[in-house]
Amino acid sequence: MHKNFIDGVWCEGQTVRENLSPSDLTDRVGLYAQADAQDTRNAIEAAAAAQPLWSAGGSQRRAEALDLIGQEILARREELGRLLAREEGKVLAEAIAEVGRAGHIFKFFAGEALRVSGEHIESVRPGIDVDVLRQPVGVVGIITPWNFPIAIPAWKIAPALAYGNAVVFKPADLVPGSAWALAEIISRAGLPPGTFNLVMGRGSVIGEALAESTQVRAISFTGSTATGQRLMRTAGQRFAKLQLEMGGKNPLVVLADANLEQAVECAVQGAYFSTGQRCTASSRFIVEKAIHGHFVEAVSERLAGLRVGHALQVDSQIGPVADMSQLSQNLDYVDIGQREGAVLVQGGQALTRDTEGYYMSPALFTDTQSNMRIAQEEIFGPVACVIAVDDYEHALEIANDTPFGLSAGICTTSLKHATHYKRHVQSGMVMVNTPTAGVDYHVPFGGTKASSHGSREQGRHAIEFFTSVKTAYTQA
Ligand code: ADP
């Protein structure tokens, strides 16, 4: 049984949750303790007591702890990757890469812990010095989704700790295994008890308790738009600092002058790898009419040849969907698309394999209009649609015709159009001749419009969220 970690002690929960593999429902990954609101309040109290010690302990100590955590994650990447693939369903190679990313993030922020700087500015008044200082925010609540069970926790926890904050971490209920393994590594890194706490359990219980506590000064969240809005109402109402990463409906524009092979690869990788369960996944292919037929034919052919199977089987290219409700939602959208008049040219069926799991074939729609539900709503599965457009200007207009703005791609050999798109597409990240999903770990991550709220995650920009600024005036 895997326990919660509160105030430096492994604690039983109130109930227990079974973690099952979506590749094989007879494969039980483990049993995980479920905390309640009181456990969460205890964790918050412990964090509040520990944070000043952690902060005062100095940057060298923080850098060494983070480096140690990063090193262990990297050394165990095969084993942790297997665990991740088993519980979440992405294929082994992707899972190992995700674990590697988590390790690198800790090592990156180990360095950043040593680079916290302020500003010294001459006052407009003689005899006074002005210093702009960065200080820890205090206790930070971290709430993460199931689709990147170790990388997303890492990219929130590492900067939170690097800049001297204490953490109460609530991972996704569906995949607590990788989060627990990460917490176990952190528990041995020599942090003062209470600096880092793990509380596993229901979002409506643990998440709400974090949102309501006035001791939690900041919450970094990744998940659905609906939960992000709820956090705005609860935690936002009491003026907690919020960093919310939510949905996407990411466009990939393919112009007639694109290298077709490259465009097809961007489309297939961006939309369908990781079973389409990435907030940066492409879900709208916006294709110039002149290349439309060739593009659809080539993507359909690639999809038909993809091997959908058990996440741990070496020849699988696409794993199962993460759970039953996600699979039903994907299949519902396949129906909705057909009822709306789009044409299903490939996939979209539930599949059976040797083991019982949540398998489906990657789906492609054509004849899609931008206002259809399948072209507007986040599906979060291996389902994408093609919208035909007349020219570049039309493509840009359709690319921006969504409430979201996370990632946007374009495949073209035109420097003019690529440059214009980079400037004018409404998104936080823009990709030229490379998939919309798959980003570096050391640069800012985030979106515009309904995709994100608050300052950027990752890279040096993470300091904005995980510190607060104090302006100090001194007269000699
Ligand atoms: P998804 O599961 O689709 O990624 P959710 O928004 O449901 O998106 O979940 C993301 C994270 O938010 C999970 O850890 C979940 O448990 C948590 N969560 C769910 N409901 C709430 C809530 N009311 N308050 C805070 N966190 C919540």
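Residues numbered from 1 in each chain as written. Predicted model: local features only at pLDDT ≥ 70, side-chain atom pairs only at ≥ 80, totals over all residues. Heavy atoms only, no water.

Notes on empty space enclosed by the protein
Counted by the stated rule, this structure contains 2 cavities of 30 Å³ or more. Computed from the structure, the largest cavity encloses a volume of approximately 100 Å³. Taken together, 16 residues line the largest cavity, and the ones lying closest to its centre are Gly 276, Ala 281, Ser 283, Glu 378 and Phe 380. Quantified by volume, the second largest cavity comes out at close to 60 Å³. In this structure, the second largest cavity is lined by 15 residues; those nearest its centre are Pro 251, Ala 399, Phe 404, Gly 405 and Gln 426. Elements supplying a minimum of two residues to the lining of the second largest cavity: β12 (250-254) and β19 (407-411). (1 Å grid on protein atoms, 1.4 Å probe; cavity = no way out; pocket = protein on both sides within 12 Å on 5 of 7 lines; lining within 4 Å. Points joined across faces, edges and corners; volume = space filled by probe spheres on them. Helix = DSSP H or I, 4+ residues; strand = E, 2+ residues; numbered from the N terminus.)

Examining the site of the ligand
With respect to spatial proximity, 18 residues lie near the ligand, and among them Thr 144, Lys 170, Glu 208, Ser 224 and Thr 227 are the closest. Backbone polar atom of Thr 144 to an oxygen atom of the ligand: 2.8 Å apart, as the coordinates give it. Note that an oxygen atom of the ligand is positioned 2.7 Å from one of the side-chain N or O atoms of Ser 224. Protein contact buries 80% of the 550 Å² of open area that the ligand shows by itself. Where the shell around the ligand is concerned, the elements lending two or more residues are α7 (203-212), β10 (216-222) and α8 (225-234). Among the elements that line the shell around the ligand, the one with the most residues is α7, at 4 residues. Among the residues forming the shell around the ligand, the class breakdown is 7 nonpolar, 8 polar and 3 charged. (Near = heavy atom within 4 Å. Polar contact = N/O pair within 3.5 Å; in protein donor to acceptor, adjacent residues only side chain to side chain. Areas by Shrake-Rupley, 256 points an atom, 1.4 Å probe, with all protein chains shown as cover. Nonpolar A, V, L, I, M, F, W, Y, C, P; charged D, E, K, R; others polar.)

Remarks on the environment of Pro 153
Tracing the chain through its elements places Pro 153 in helix α5 (residues 151-162). Classification of Pro 153 by relative accessible area gives buried; the value is 0%. Considered as a pair, Pro 153 and Ile 142 are 11 residues apart in the sequence and their alpha carbons are 7.6 Å apart. (Buried < 20%, exposed > 50% of the residue type's maximum accessible area, 1.4 Å probe, protein only.)

Description of the pattern of salt bridges
Scanning the model with the defined rule gives 16 salt bridges in all. With a closest N to O distance of 3.3 Å, Glu 18 and Arg 28 form a salt bridge. Pair noted here: Glu 18 is in strand β3 (residues 15-21) and Arg 28 is in strand β4 (residues 24-34), with a separation of 10 residues, a long-range link. Looking at Glu 18, the relative accessible area reads 40%, which means it is partly exposed. Residues Arg 115 and Glu 112 are paired through a salt bridge, measuring 2.9 Å at the closest nitrogen-oxygen approach. Ionic contacts of the salt-bridge type, sharing partners, join the residues Glu 72, Arg 76, Glu 79, Glu 184 and Arg 188 into one network. (Salt bridge = Lys/Arg side-chain N within 4 Å of Asp/Glu carboxyl O.)

A few points about the sheet that holds β19
If you walk across this open sheet you meet the 7 strands as β14-β17-β18-β13-β12-β19-β20, and the pairing is mixed. In this open sheet, the two strands that pair with only one neighbour each are β14 (343-346) and β20 (429-432). Neighbour to neighbour, the strand axes of the sheet diverge by 25 degrees on average, direction disregarded. Here 3 bridges tie β12 to β19, and the two strands are oriented parallel to one another. Note on β19: the bridge partner recorded for Val 253 is Ile 410. The strands touched by helix α9 (residues 260-272) are β12, β13 (282-288), β17 (363-366), β18 (383-389) and β19; relative to β13, the strand with the most contacts, the crossing angle is about 155 degrees. (Pairing = 2+ DSSP bridges. Axes fitted to C-alpha atoms, helices over the stretch in contact; angles between N-to-C directions. Contact = heavy atoms within 4.5 Å.)

Some remarks on the layout of surface pockets
Space inside the largest pocket adds up to approximately 1,000 Å³. Lining the largest pocket are 45 residues; nearest its centre among them are Pro 145, Trp 146, Gly 223, Ser 224 and Thr 227. The set of elements that each furnish at least two residues to the lining of the largest pocket consists of β3, α7, β10, α8 and α11 (324-340). For the lining of the largest pocket, a count of residues per class yields 20 nonpolar, 16 polar and 9 charged. Both of domain 1 (4-246 + 451-475) and domain 2 (250-432) provide at least three residues apiece to the lining of the largest pocket. Approximately 300 Å³ is the volume found for the second largest pocket. For the lining of the second largest pocket, the element with the highest residue contribution is helix α4 (residues 92-112), accounting for 4 residues. Looking at the lining of the second largest pocket residue by residue, the class counts come to 6 nonpolar, 3 polar and 5 charged. (Domains from an automatic or database assignment.)

What about the domain arrangement of the chain?
When the parts of a complex come together, some accessible area is lost, and that lost area is often used as the size of the interface. If you check the domain split of the chain, you get domain 1 (4-246 + 451-475) and domain 2 (250-432). Taken residue by residue, the interface counts 23 residues in domain 1 and 27 residues in domain 2. Each partner contributes to the roughly 2,100 Å² buried at the junction of domain 1 and domain 2, and carbon and sulfur atoms together form 59% of this total. For domain 1, the biggest contributors to the area lost against domain 2 are Ser 23, Trp 146 and Ser 451; these three give 25% of the whole. At the junction of domain 1 and domain 2, the tally comes to 0 salt bridges. Broken down by secondary-structure element, the contributors of at least two residues to the side of domain 1 that touches domain 2 are β4, α3 (77-88) and α4. Per element, the largest residue contribution to the side of domain 1 that touches domain 2 is 4 residues, and it comes from α3. Grouping the constituent residues of the side of domain 1 that touches domain 2 by class yields 9 nonpolar, 6 polar and 8 charged. (Buried area = accessible area lost by both parts, 1.4 Å probe.)

With respect to the side chain of Thr 402
Note that Thr 402 resides in the loop between α13 (392-399) and β19. Of note is the side chain of Thr 402, whose polar atom sits 2.7 Å from the backbone nitrogen of Phe 404. Ignoring anything within four residues of it in the chain, the contact list for Thr 402 reads Lys 249, Arg 284, Gln 376 and Lys 449.

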